[in-house]
Amino acid sequence: MIQLKNIDKYYDAKFQRTFVLKGVNLDIEQGEFVSIMGPSGAGKSTLLNIIGFLDEPSQGEYLFLGDPANQLKEKQKVQYHRSHIGFIFQAFHLIDEMNVYENIETPLVYRGVKSKERKAMVADMLDRFNMVAKKDLFPSQLSGGQQQLVAIARAIVGSPKLLLADEPTGNLHSEQGEMIMKLLKKLNDEGMTIIQVTHSKENAQYGNRIITLKDGYVKEEN
Amino acid sequence: MIVKVVVRNLIKRPFLHLVKVIGLSLALVGILFITLFLKNELSYDSYHTNAENIYRYTITDPDFLGGKHFARMINPGYVPELKEQIPEITNFVRLRPVSGGVMKFNNRFYTINQAFECDSTFFQFFEAELRVGNKETILENPASMVVAESFAGKVFGNENPIGKILTIPTGQFYGEEQSFTINGVMKDFPSNSHFHPDFIATPVQDRFTYGWAWTYLALAENANPDNVRAGIHNFLVERTDTETQEMDSRVYLQKLTDIHLHSNKLREIEANGNIRNIYVLAIAALILLLISISNYANLNIGMAGFSAKYLFVNKLLGSSKRQIIRYFFTEGLFIAMATLMLALLVVPPVNAIIQRGYQLNLLAGNLSLAFIVFLVFILLSVSFGMLPVLKPVFSAIKGVRNNSKTNQKQGGINRGILVFQYAFSIALIISVIVISRQTNFAFKSGMGVEEDNVIVFESVHASIQQKFETLKEELLKYNSIQSVSAMMEPPGGEANDMFEFELEGYTPDEQNEQYERIGVFPCDYSFASLFNLSFLSGTNFTKNNLDNEGSGEYIINEAAMKRLNYSNAEEIVGKEFKLNFEQLETTGIKLSRGKIIGVVKDFHLSSLKKEVEPLVLFKRDKLWLINFIVAFQPGKKMEALADMKTVWTLLFPEYPFQYESVGSMYQKVYKAELLQAKLLSVFTFIALFICSMGLFGLALIVTQQRTKEIGVRKVNGARVTEIIQLLNRDFIRWVVLAFVFACPVAWFAMDKWLENFAYKISLSWWIFVLAGILAVGIALLTVSFQSWKAATQNPVEALRYE
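Residues numbered from 1 in each chain as written. Chains lettered and ligands numbered in written order. Predicted model: local features only at pLDDT ≥ 70, side-chain atom pairs only at ≥ 80, totals over all residues. Heavy atoms only, no water.

- The name given to chain B in an unreviewed UniProt entry is ABC transporter permease, with the source organism recorded as Draconibacterium aestuarii.
- Check the Subcellular location (unreviewed entry) section of the UniProt entry for chain B; it says "Cell membrane". (UniProt positions renumbered as here; feature names shortened; annotations may be inferred.)

- Going by what an unreviewed UniProt entry lists, chain A is known as ABC transporter ATP-binding protein and is assigned to Draconibacterium aestuarii.
- UniProt annotates chain A under Sequence similarities (unreviewed entry) with the comment "Belongs to the ABC transporter superfamily. Macrolide exporter (TC 3.A.1.122) family."

Given below as structure tokens:
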């Protein structure tokens, strides 16, 4: 599903080139649950952003579902965001101006799903995450764990093939964290490919493969 | 969905959005009224069907009144002949001012502001809607009159005026009584006409052979005015039997539509506008547009950060560029609608105020133009308000990491706009100070304005003139009255008459012998004392208005002293002097030989735009003393007016008691400048208000963005004053930079503007400093509130945001 070949990412300062990623090679098959680990500044989030088309590699080749990503036009990337990729973040990134229902509904609107269908799909999600009663609340009225649940609901409501999670439990206490991880595991079991960035060894274990980055290199894979 | 988010966002930050709306609506209302006013000014006289082919004919002649350029012609009796001789002239009309100032009906007198005796071709030149009567035939006969609707109402009330007889009583300059039959009623001339007569009438008998008349010629389509001018010149050469090279009269043809803005001749029918004012206003409107839109854009740029997260997340969820544009566009539309609504609320009362103050209903008949102005303004502000936001937004959501760079760039644009806005505002403040000071200086230099205790009975009727001495005597019996005098020209008027003269020991310039004339000013003996003229040498007139041959008394002004080649006032006093009045034989008027008895400092009878002309004051009894002046004891205005009314009604029961303060007379002289000063003050206020609101908004945004920094600094021991200083310093620096840009521009513009005046204030350095201090002060006040709020926040609160 994802093939990274010799990916570099660097920033040029006046007399110096700073590498964030260097020579990263990676193959991820459909249905995998991959955890990316590593110390701060190792390039974990950058790697995730490149995979999610939020950033571009400085050099190297990236194939997504067999298509070379560097040749993708803006429009195609938008299409991938609409139908193939879901995101969750440490800071949840819910839209403050929208309530729970509307937050979950937004990606469906962009995909052009009809209103009736949308209603059914959002209702399904609310049901699944036990949030029916909270559908009219705004993010600021929810706890961190609840916000992350909404974020996950929003990420998966369109049944993406790939879910990218950037430290999804970083802002949560352990109990909530565990609940989220279990949920991700369940989604993976249902067939969704998941790539998560995490600091926690424990959480990394939920995945079936761990990739450790250090200073931009892939240090080990197991 | 976008709409919902936009609305919630607007509600979330009501103040900042209100700032946008208020700024835009104020500017919109300002621009709307400037546009309407400019349209009114630029459309003067263009509504006449044949306006393009109508020209006003004037002449200058160095032999006649010093070659001054008058808007009207002397003795235009030959004009019909001109039409016969020059085929390109298809028609003519002459307008002779009706002298006397009053009309009689049923033994009552009614004041007229303006009226003409004219040729029967009047309606072939000037469009006027007739309420009653037929344009083709209405002026066919002599002594036919058409009255304006408002004047008819004043004289006849609800009665039908047709067939009634109105009489010009025996007038000034020995005019005889003349009666006219009212044949029609016309609608009042619109505000954009260069004249507004109470009535027009064909004369009882020929009135154009001698005397003054404004003269208009209609030229054939495609006729070349230059050829016509040459034709008229040749005609005059033949008529006066002079050689072409000796003919020094110059012929002018001025387009009817140019009169209002491009004519500044003597004796215009009404005070005209000025094309410079049009430029000033147009520039003011443009500045207002730029300031308001840039302010809007600036706030948008500053606030774009607030939407950044929304846009970023949307991007993740698959929104396209178009949807982002739609988001900002929807937000812009909401602001635009609110702006429109607020503007619509403000427009009617502003229009009413203008109508009350200037008798101008700018909105009437201009609704479509107003609609266009609204539409263009909204389109401009929405698009230009949105554009600068989109680029940084796109780049911000494209790369997650590059935020700091785009932030820096945004800050640069923000500050650039801020400097630009403040530079304009400071330049405006300087202009307002200079224009107000100069206008004030000019106004206060008017005779008797400063004391504010002088009133004028302007252009009183001949029979009242005859009783001046009695009036003076009666008035002076009252304690409330200080002094009474009379003069030929009212304060603010033009003293244009020039006589030949003889002065002991003065040899006329041989080459220009025939031009040796000097300005004259007949007045009552207490003229100099009433107006506190200061004597450089010599004495005031003795107390009577009659001079015997040999004992004539003449007072000259400083300019006349220099004109007569003296530099020391002492030396010219006592010299023998005589004025020669050419029409001695026809009128029997004689001016006695006498002496120069005093030299007074130059005084400003007319506008400060003109140099003070050499003037000889002489006293006359019962002749040419057309304007009466009364000075009352300061602080006793009401009492004095009551006393004056008593005397007036006793002496002249049939004439209306009508007076004006010198202040209001000079206000007419400086009408354009006063209006300009007022308008500019309003614009400056609006511009400053918009800038301050913008600055306030920016300060709010910046302090919000720096909340964490402020918290950290406080935790590390910074005092509140230090934080305020830190936040303020940045803004003040930019205002100071704006000041540096504004000063030379303002100096240049104001130097040019002051060139309009012969007597002017100096562009002192303190005006600039004051404007700078004002701008910095306002900026400080605006920003400090935000800074103080941010600085006094509990640092724990501040840090929690992160």
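**Some details on the domain arrangement of chain B**
And step 1. Assigned domains within chain B: domain 1 (1–45 + 272–412), domain 2 (62–248), domain 3 (428–448 + 669–802) and domain 4 (454–668).
And step 2. Taking only C-alpha atoms, the centre of domain 1 of chain B and the centre of domain 4 of chain B are 58 Å apart. (Domains from an automatic or database assignment.)

**Regarding the UniProt feature "transmembrane region" (unreviewed entry) in chain B**
And step 1. As recorded in UniProt, the sites labelled "transmembrane region" (unreviewed entry) are residues 15–38, 275–293, 324–347, 367–394, 415–435, 679–703, 731–750 and 762–783 of chain B.
And step 2. Counting secondary structure, residues 324–347 of chain B comes out at 100% helix and 0% strand; the distance between its end C-alpha atoms is 34 Å. (Helix = DSSP H or I, 4+ residues; strand = E, 2+ residues; numbered from the N terminus.)

**With respect to the environment of Leu-65 of chain B**
Residue and element names in this part refer to chain B.
And step 1. Structurally, Leu-65 is set in the loop between strand E1 (54–60) and strand E2 (73–74).
And step 2. Taking the relative accessible area as the measure of exposure, Leu-65 reaches 10% and is therefore buried.
And step 3. Placed 436 residues apart in sequence, Leu-65 and Phe-501 show a C-alpha to C-alpha distance of 13 Å.
And step 4. Once residues lying within four places of it in the same chain are set aside, the contact partners of Leu-65 are Phe-70, Trp-212, Asn-496, Asp-497 and Met-498. (Buried < 20%, exposed > 50% of the residue type's maximum accessible area, 1.4 Å probe, protein only. Contact = heavy atoms within 4.5 Å.)

**Digging into empty space enclosed by the protein**
The rolling of a water-molecule-sized probe over the atoms marks out the regions of remaining empty space.
And step 1. The tally for this structure, following the rule as stated, stands at 5 cavities of 30 Å³ or more.
And step 2. Lining the largest cavity are 13 residues, with His-81, Arg-82, Ile-85, Pro-107 and Ala-155 of chain A sitting closest to its centre.
And step 3. Residue assignment for the lining of the largest cavity shows that the elements contributing at least two residues are helix H2 (74–83), strand E6 (85–89), helix H3 (100–111) and helix H5 (144–156) of chain A.
And step 4. With 3 residues, E6 of chain A is the single largest residue contributor to the lining of the largest cavity.
And step 5. Tallied by class, the residues present in the lining of the largest cavity amount to 7 nonpolar, 3 polar and 3 charged.
And step 6. Estimated volume of the second largest cavity: approximately 80 Å³.
And step 7. Contributing to the lining of the second largest cavity are Asn-9, Arg-13, His-17, Lys-20, Asn-300, Met-303, Ala-304, Phe-306, Ser-307, Phe-328, Glu-331 and Val-389 of chain B.
And step 8. Contributions of two or more residues to the lining of the second largest cavity are made by helix H2 (14–42), helix H8 (275–316) and helix H9 (321–358) of chain B.
And step 9. When residues in the lining of the second largest cavity are grouped by element, the largest group, 5 residues, is from H8 of chain B.
And step 10. Of the residues contributing to the lining of the second largest cavity, the split by class is 5 nonpolar, 4 polar and 3 charged. (1 Å grid on protein atoms, 1.4 Å probe; cavity = no way out; pocket = protein on both sides within 12 Å on 5 of 7 lines; lining within 4 Å. Points joined across faces, edges and corners; volume = space filled by probe spheres on them. Nonpolar A, V, L, I, M, F, W, Y, C, P; charged D, E, K, R; others polar.)

**Description of the interface of chain A and chain B**
And step 1. At the interface, 24 residues of chain A touch 21 residues of chain B.
And step 2. Summing the contributions of chain A and of chain B, the shared interface buries around 2,400 Å²; its carbon and sulfur component is 58%.
And step 3. Considering only the surface of chain A that becomes buried against chain B, Leu-54, Glu-97 and Tyr-110 of chain A emerge as the three largest contributors, covering 29% of it.
And step 4. Across the chain A-chain B interface, the total number found is 3 salt bridges.
And step 5. The partner of Glu-97 of chain A in a salt bridge is Lys-12 of chain B, with the nearest N and O atoms 3.4 Å apart.
And step 6. Inspection of the chain A/chain B interface yields 7 residue pairs in polar contact (both at pLDDT 80 or more).
And step 7. Where the side of chain A that touches chain B is concerned, the elements lending two or more residues are helix H1 (44–51), H2, E6 and H3 of chain A. (Buried area = accessible area lost by both parts, 1.4 Å probe. Salt bridge = Lys/Arg side-chain N within 4 Å of Asp/Glu carboxyl O. Polar contact = N/O pair within 3.5 Å; in protein donor to acceptor, adjacent residues only side chain to side chain.)

**Quick word on the state of the cysteines**
Working definition: the covalent bond between the sulfur atoms of two cysteines is a disulfide.
Residue and element names in this part refer to chain B.
And step 1. Taken as a whole and judged by the stated rule, the model has 0 disulfides over all chains.
And step 2. No disulfide involves Cys-691; its sulfur sits 16 Å from that of Cys-743, the nearest cysteine.
And step 3. When its relative accessible area of 0% is taken as the criterion, Cys-691 is described as buried. (Disulfide = S-S within 2.5 Å.)

**A look at the UniProt feature "domain: ABC transporter" (unreviewed entry) in chain A**
And step 1. When the UniProt feature table is mapped onto this chain, "domain: ABC transporter" (unreviewed entry) is found at residues 2–222 of chain A.
And step 2. Helix makes up 35% of residues 2–222 of chain A and strand 28%. Its end C-alpha atoms lie 17 Å apart.

**Here we look at the nonpolar core**
And step 1. Core analysis: the largest hydrophobic core is formed by 174 residues, its most contacted members being Ile-2, Tyr-62 and Ile-195 of chain A together with Phe-527 of chain B.
And step 2. With 20 residues, H8 of chain B is the single largest residue contributor to this core.
And step 3. If we ignore the near neighbours within four places in the chain, the residues touching Ile-2 of chain A are Leu-26, Asp-27, Ile-28, Ile-51, Tyr-62, Leu-63, Phe-64, Leu-162 and Ile-195 of chain A. (Core = buried A, V, L, I, M, F, W, Y, C linked by side-chain atoms within 4.5 Å.)

**Looking at the pairing of strand E12 (residues 212–219) of chain B**
All names here are of chain B.
And step 1. Counting buried positions over the 8 residues of E12 gives 7, a clear majority of the element.
And step 2. Direction of pairing for E1 relative to E12: antiparallel, over a ladder of 4 bridges. The partner of Arg-56 across the bridge, within E12, is Tyr-216.
And step 3. The pairing of E2 with E12 spans 2 bridges and is classified as antiparallel. (Pairing = 2+ DSSP bridges.)

**Re the sheet that holds strand E1 (residues 2–12) of chain A**
Residues and elements named next belong to chain A.
And step 1. With antiparallel pairing, 4 strands are arranged side by side in an open sheet as E2-E1-E4-E5. Each edge of the sheet is formed by a strand with only one pairing partner; in this case those strands are strand E2 (17–28) and strand E5 (67–68).
And step 2. Sheet topology note: the E1/strand E4 (residues 59–64) ladder contains 5 bridges and is antiparallel. Residue pairing in the sheet places Lys-5 in a bridge with Glu-61 of E4.

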